[in-house]
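So the chains spell out like this:
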Amino acid sequence: MDGLLTLGIETSCDETAVALLRGGRDVLADYVGTQIERHRAYGGVIPEIACRAHMEWLLPGLRDVLARADVRPERLDAIAVTHRPGLIGAVLVGVTAAKALALAWDKPLVGVDHIDAHIAAARFARPDFAPPHAALVVSGGHTQLHFVDDDATFTTRQIAGTLDDAAGEAFDKAAKLLGLGFPGGPRIEKTAEGGDPDRFPWKRTCLPPDGKNWSFSGLKTAVLHAARGVGKGRTAPLLLDAQGVADAAASFQRAVVFALVERTMEAMRGRGMRRLSLGGGVAANGALRRAFTEAAAREGVDLSIPPMGLCTDNAVMVAFRGAELRRAGVRDPLSLEAFSVRATPDAVRSGARHI
Ligand code: KG4
Ligand code: ZN
């Protein structure tokens, strides 16, 4: 293993994160500034607040990481930064800082795709887990199944995805409708522990008839109707008692998990794929982790799920992905752009950095 020192910077949503990685797996220091408290009152991430917090915390986070790792900037081998997809203002804070540091310290800059970083987290977690593999990314902004190639840069090809809301977004919205607050994922998970997943008939609601993708918006409407009444709107009084809320949370969680497992395993069977990684904030969900572990054992699939702290946004995964790219010879110019969307693989291959 080489001793490449890679600085990772992540600011695409509401986590300000910086990490320093040596070689493949040696995390010298890791900083995650979670902005949950600043967004809680609004029940969701407010982009302007996220941008301001990134600007406030990024440089202190960077100083903290370099001090704890006891590494001087001149020893760095690369600066990796998330440059897509995400809240554009938030992504720009990280990209601008990374460019300034790369220029000031004369270091190679590597732009990292946030989805690729979530996928790479599973390779970071398991040294023996390598492409080709399937990768399910379930986060606040994305729900996508990819196949990861074993070429030099581990190119990804999307096989399936959500037709509307992302799974994490659905968790957050359902939690809001059930009066559980923000962030929704962990709250639904906790509340579901005391609930009956068969109380509401939602199990198959997230499986659109195309036999391939997911849809979470219908489930959200079903939760709205159960919680607030048909045609009453989101601000109508909550109709469910505490047990009803727990049952709705359990039924909701079961529907999401069932759909994700069902369609992922189907896609893998159809293509003879035997390795699968999970990533993204929703992969921190215990019910999801258990269901995939059981399905993988049943079907003889080798499954890699990163530890919880590497599922939610962090900079270790960005540094690790950046190091993978750097090893493959990737170096981006200081004109590296920030994008709110993920470029298609075709666009990347043709040299375009956006769609
Ligand atoms: O990957 P991530 O940290 O940020 C994005 O890139 O979007 O994912 C955040 C999402 C949020 O929607 C949050 O509610 C969800 O991940 N999440 C969970 C859990 N922990 C976080 N969803 C379900 N169960 C959890 N335990
Ligand atoms: Zn993420």
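For clarity, every value in this text was computed on a predicted model and none was experimentally measured. (Residues numbered from 1 in each chain as written. Chains lettered and ligands numbered in written order. Predicted model: local features only at pLDDT ≥ 70, side-chain atom pairs only at ≥ 80, totals over all residues. Heavy atoms only, no water.)

(A) Region of interest: the overall build of the protein chain. Regarding its fold elements, the protein chain presents 12 helices and 10 strands. Expected size for 355 residues packed as a compact globule is a radius of gyration near 20 Å; at 20 Å, the protein chain falls within 12% of this value. If one aligns the C-alpha atoms of the protein chain with their principal axes, the spans along those axes are about 60 × 45 × 35 Å. Put simply, the protein chain has 355 residues, and 55% of those count as buried. (Helix = DSSP H or I, 4+ residues; strand = E, 2+ residues; numbered from the N terminus. Rg over C-alpha atoms; globule rule 2.2 N^0.38 Å. Buried < 20%, exposed > 50% of the residue type's maximum accessible area, 1.4 Å probe, protein only.)

(B) Summary view of the state of the cysteines. Per the stated rule, a full pass over the model turns up 0 disulfides. Looking at C13, it has no disulfide partner, and the nearest cysteine sulfur is the one in C51, 10 Å off. Unpaired in this structure, C206 has its nearest cysteine sulfur neighbour in C311, at a distance of 20 Å. Judged by its relative accessible area of 0%, C206 falls in the buried class. (Disulfide = S-S within 2.5 Å.)

(C) Spotlight on the sheet that holds strand β2 (residues 15-22). Strand order in the open sheet made by the 5 strands is β3-β2-β1-β4-β5, with mixed pairing throughout. Two strands lie at the open edges of the sheet, namely β3 (26-34) and β5 (109-113), each paired on one side alone. Neighbour-to-neighbour, the strand axes of this sheet turn through a mean angle of 20°, independent of strand direction. Pairing of strand β1 (residues 5-10) with strand β4 (residues 78-84) involves 4 bridges; the strand directions are parallel. (Pairing = 2+ DSSP bridges. Axes fitted to C-alpha atoms, helices over the stretch in contact; angles between N-to-C directions.)

(D) Spatial organisation of the coordination of the zinc ion (ligand 2). Coordination of the zinc ion (ligand 2) by the protein is provided by H114 (NE2), H118 (NE2) and D313 (OD), with metal-donor distances spanning 2.0 to 2.1 Å. Sequence spacing among the residues donating to the zinc ion (ligand 2) works out to H-x3-H-x194-D. Pair noted here: H114 and H118 are both in helix α4 (residues 114-125), with a separation of 4 residues, about one helical turn. H118 sits in the buried class, given a relative accessible area of 1%. (Donors = N, O, S within 2.8 Å, 3.2 Å for Na, K, Ca; no water.)

(E) Region of interest: the site of ligand 1. Taken together, the neighbourhood of ligand 1 is formed by 19 residues, with G140, D172, E189, G281 and N285 sitting nearest. G141 places a polar main-chain atom, nitrogen or oxygen, 3.4 Å from an oxygen atom of ligand 1. Take E189: an N or O atom from its side chain is 2.8 Å from a nitrogen atom of ligand 1. Contributing elements (two or more residues each) for the shell around ligand 1: α4, α5 (167-177) and α6 (184-192). Of the residues contributing to the shell around ligand 1, the split by class is 5 nonpolar, 11 polar and 3 charged. (Near = heavy atom within 4 Å. Polar contact = N/O pair within 3.5 Å; in protein donor to acceptor, adjacent residues only side chain to side chain. Nonpolar A, V, L, I, M, F, W, Y, C, P; charged D, E, K, R; others polar.)

(F) Region of the structure containing the pattern of salt bridges. Counted according to the given criterion, the structure contains 23 salt bridges. Across the salt bridge formed by R38 and E56, the nearest N and O atoms sit 2.9 Å from each other. A residue pair is termed long-range when its members are at least 10 positions apart, and R38 in helix α1 (residues 36-40) and E56 in helix α2 (residues 47-69) qualify at 18 residues. D210 is the salt-bridge partner of R263, the closest N and O atoms lying 3.7 Å from each other. Taken together, the residues R263 in helix α8 (residues 242-271) and D210 in the loop between α6 and α7 (217-228) connect sequence positions 53 residues apart. Judged by relative accessible area, D210 falls into the partly exposed class, the value being 40%. (Salt bridge = Lys/Arg side-chain N within 4 Å of Asp/Glu carboxyl O.)

(G) Quick look at the packing of α4 against helix α11 (residues 316-327). Between α4 and α11, the shortest axis-to-axis distance is 8 Å and the interhelical angle comes to 90°. When the interaxial angle is binned, α4 and α11 end up roughly perpendicular. Of the residues in α11, those in contact with H114, D116, A117, H118, A120, A121, R123 and F124 of α4 are V316, M317, V318, F320, R321 and E324. (Parallel < 35°, antiparallel > 145°, perpendicular 65-115°, else oblique. Contact = heavy atoms within 4.5 Å.)

(H) Quick peek at unusual backbone geometry. With an omega dihedral of 5°, the bond running from P131 to P132 counts as a cis peptide bond. Within the secondary structure, P132 is located in the loop between α4 and β6 (133-138). The amide bond that connects F182 to the next residue, P183, takes the cis arrangement and shows omega of 0°. Structurally, P183 is set in the loop between α5 and α6.

(I) Fine view of α7. Helix length check: α7 (12 residues) gives 16 Å between terminal C-alpha atoms against 16 Å at 1.5 Å per residue, within 8%. Turning to α7, its buried residues are L219, A222, V223, L224, A226, A227 and R228. Backbone geometry just after α7 places G229 at a positive phi near 100°. (Expected span 1.5 Å × (residues − 1).)

(J) Quick look at the pairing of strand β7 (residues 143-148). Counting buried positions along β7 yields 6 of 6 residues, so the element is predominantly enclosed. Alternating positions in β7 separate into two faces, T143, L145 and F147 on one and Q144, H146 and V148 on the other, with burial throughout. Here 6 bridges tie β6 to β7, and the two strands are oriented antiparallel to one another. In the sheet register, A135 faces β7, and the bridge partner there is H146. Count of turn residues in the β6/β7 antiparallel hairpin: 4 residues. Taken together, the 5 bridges between β7 and strand β8 (residues 156-161) define a ladder with antiparallel strand orientation. Pairing of L145 across the sheet is with A160, part of β8.

(K) Summary view of the environment of A121. The residue A121 is located in helix α4 in this model. Judged by relative accessible area, A121 falls into the buried class, the value being 1%. Each C-alpha atom of the pair A121 and T96 lies 24 Å from the other, and the pair is 25 residues apart in sequence. Setting aside its immediate chain neighbours within four residues, A121 contacts P306, L310 and M317.

What is shown is where atoms sit, not what they do.
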